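A look at the structure
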Amino acid sequence: MLSTKSNPGKVFALVDCNNFYVSCERVFNPFLDDKPIIVLSNNDGCIIARSNEVKTMGIPMGAPFHHYRHTLLEKGIHIYSSNYQLYGDMSGRVMDSLRLFSPDVEVYSIDEAFVRFKYSSKRDYIKYLNNIRNSVFKWTGIPVSIGLGPTKTLAKIANSLAKKSKADSVFDLTLSSIQIETLEHVQVEDIWGISKRWGAKLRLIGIGNALQLRNTSPQKIRKYLGVTLERIVYELRGVSCLDLEQIKSKKNIMISRSFGNSIDNLSDLGQAVSLYTIKACEKMRLQNSRAQAVYIFLRTNRFSSNQQQYNAGIVFGFNNPCSDTGDIITKVKEGLTSIFKHGYLYQQAGVMLMDLVSNDVYQEDLFESFDYTKSDSRMSILDSINGRFGPGTLFYAAAGLKKDGDWQSRTHHLSPRYTTKWNELPYVS
């Protein structure tokens, strides 16, 4: 049975970084303030981030870059390739800043986090949220919007209103009177967790906005639409059903990329999948896991009608769960050799570490003894050095000595990795 106990002693804040990728580019280049900026996806394919100045020009999110190249240049829009190393590091700095205000932080995405506070009727939350917002900006240079509510769903709605506020980018939705006034103007499809399909079903039974959903019978909603929507009804009433989630270990980890240029030889493919394996293994060890199997795949460009198509994949299992990058690379290259065929132009390849288990769980084998001590020590040193001096300080030669191979993603507009590369640190004149 669904628990509907209210917890008035807690409130949730959703902190959302404004135009995060764009803001990261502006932190180390003040010249870009108030300038129109876009950020492109892998291989400089599509527009995945826009500054407010670009949004007013009517250039859509997700638009193919080559369709708008001339328009962007004519309008003087600054163009940047995705700099995920910079964005990831800046995200970590923002989240660490939030933990100074509360230990209860759930990182929801690279640019969003839920923060839980003890509720106090004596606290001026508008002033408090503005203090958080100003502190994060002072410490990281990233502007944020903050919405506050007694539940995560209401905090999400409050955040959407905060982002529209030109005054201070904060919105407090903890008071019932403000909730009623606000929810009437929120369409059901705009509620966190409700898809367009569910929105259409709700409208069929006369529910078109958040206030109507809040006032409907939870039992009726559960009967016809399920327990998930029933939880949302209670959340809209201020009854918290969704607590902060702890970071859960992934059961599979995949790294896959489209190449900057098509590949027709096994050597370059081997370097690419080896690099993907290294990155996947680093993520796996970060969550203290080992893989029981690895899946390798490659494919040609399915959007090209004038070339032969070929897709293939293979799975290799390990006798014992494995987290040793060198051992996994050996299996990956063995699998790649078995599925590779000459005469094709390959556009994409990937590696998936499968059936991950905790590294402190080990089942003895009746016929084989296995000792993780040396392997774990070697991987620990590798991760420690790369964590301290930057990714790729120590690397496997299987990934290639050249960092600018034809298979690397196109990044013709890449900004420096200001915070993670010694030779790309910003200069102050």
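Presented here is a report on the structure given in the accompanying data block.

Quick look at unusual backbone geometry
- At Asp 34, a position not held by glycine, the phi torsion is positive, near 70°.
- Structurally, Asp 34 is set in the loop between helix H1 (20-27) and strand E2 (37-40).
- At Asp 355, a residue that is not glycine, the phi angle is positive and equals roughly 50°.
- Tracing the chain through its elements places Asp 355 in the loop between strand E12 (346-354) and strand E13 (357-358).

What about the side chain of Thr 151?
- Relative to the helices and strands, Thr 151 is located in the loop between strand E7 (144-149) and helix H6 (152-164).
- On the basis of relative accessible area, Thr 151 is assigned to the buried category, the value being 0%.
- Within the structure, the side chain of Thr 151 is placed 3.0 Å from the backbone oxygen of Glu 235, a separation counted as a polar contact.
- Those residues in contact with Thr 151 that lie beyond four places of it in its chain are Phe 12, Glu 235, Gly 238, Val 239 and Ser 240.

Some thoughts on the sheet that holds strand E6 (residues 112-118)
- Spatially, E5-E6-E1-E7-E8 is the arrangement adopted by the 5 strands of the open sheet, whose pairing is mixed. At either margin of the open sheet sits one strand with a lone partner, and together these are strand E5 (105-109) and strand E8 (170-172). Across the sheet, the mean angle separating the axes of adjacent strands is 15° when strand polarity is ignored.
- Both strand E1 (residues 10-17) and E7 contribute to a ladder of 6 bridges, which runs antiparallel. Bridge pairing in E7 links Asp 16 to Ser 145.
- Here helix H4 (residues 84-98) sits on the sheet and contacts E1, E5 and E6; the angle it forms with E6, its principal contact strand, is near 5°.

Regarding the side chain of Ser 415
- Examined against the element boundaries, Ser 415 turns out to sit in the segment after helix H14 (373-389).
- What makes Ser 415 buried here is its relative accessible area of 6%.
- In this structure the side chain of Ser 415 is engaged in a polar contact, spanning 2.7 Å, whose partner is the side chain of Glu 25.
- Setting aside its immediate chain neighbours within four residues, Ser 415 contacts Glu 25, Tyr 80, Asn 83 and Leu 86.

What counts, and where the lines are drawn
- Residues numbered from 1 in each chain as written.
- Predicted model: local features only at pLDDT ≥ 70, side-chain atom pairs only at ≥ 80, totals over all residues.
- Heavy atoms only, no water.
- Helix = DSSP H or I, 4+ residues; strand = E, 2+ residues; numbered from the N terminus.
- Buried < 20%, exposed > 50% of the residue type's maximum accessible area, 1.4 Å probe, protein only.
- Polar contact = N/O pair within 3.5 Å; in protein donor to acceptor, adjacent residues only side chain to side chain.
- Contact = heavy atoms within 4.5 Å.
- Pairing = 2+ DSSP bridges.
- Axes fitted to C-alpha atoms, helices over the stretch in contact; angles between N-to-C directions.

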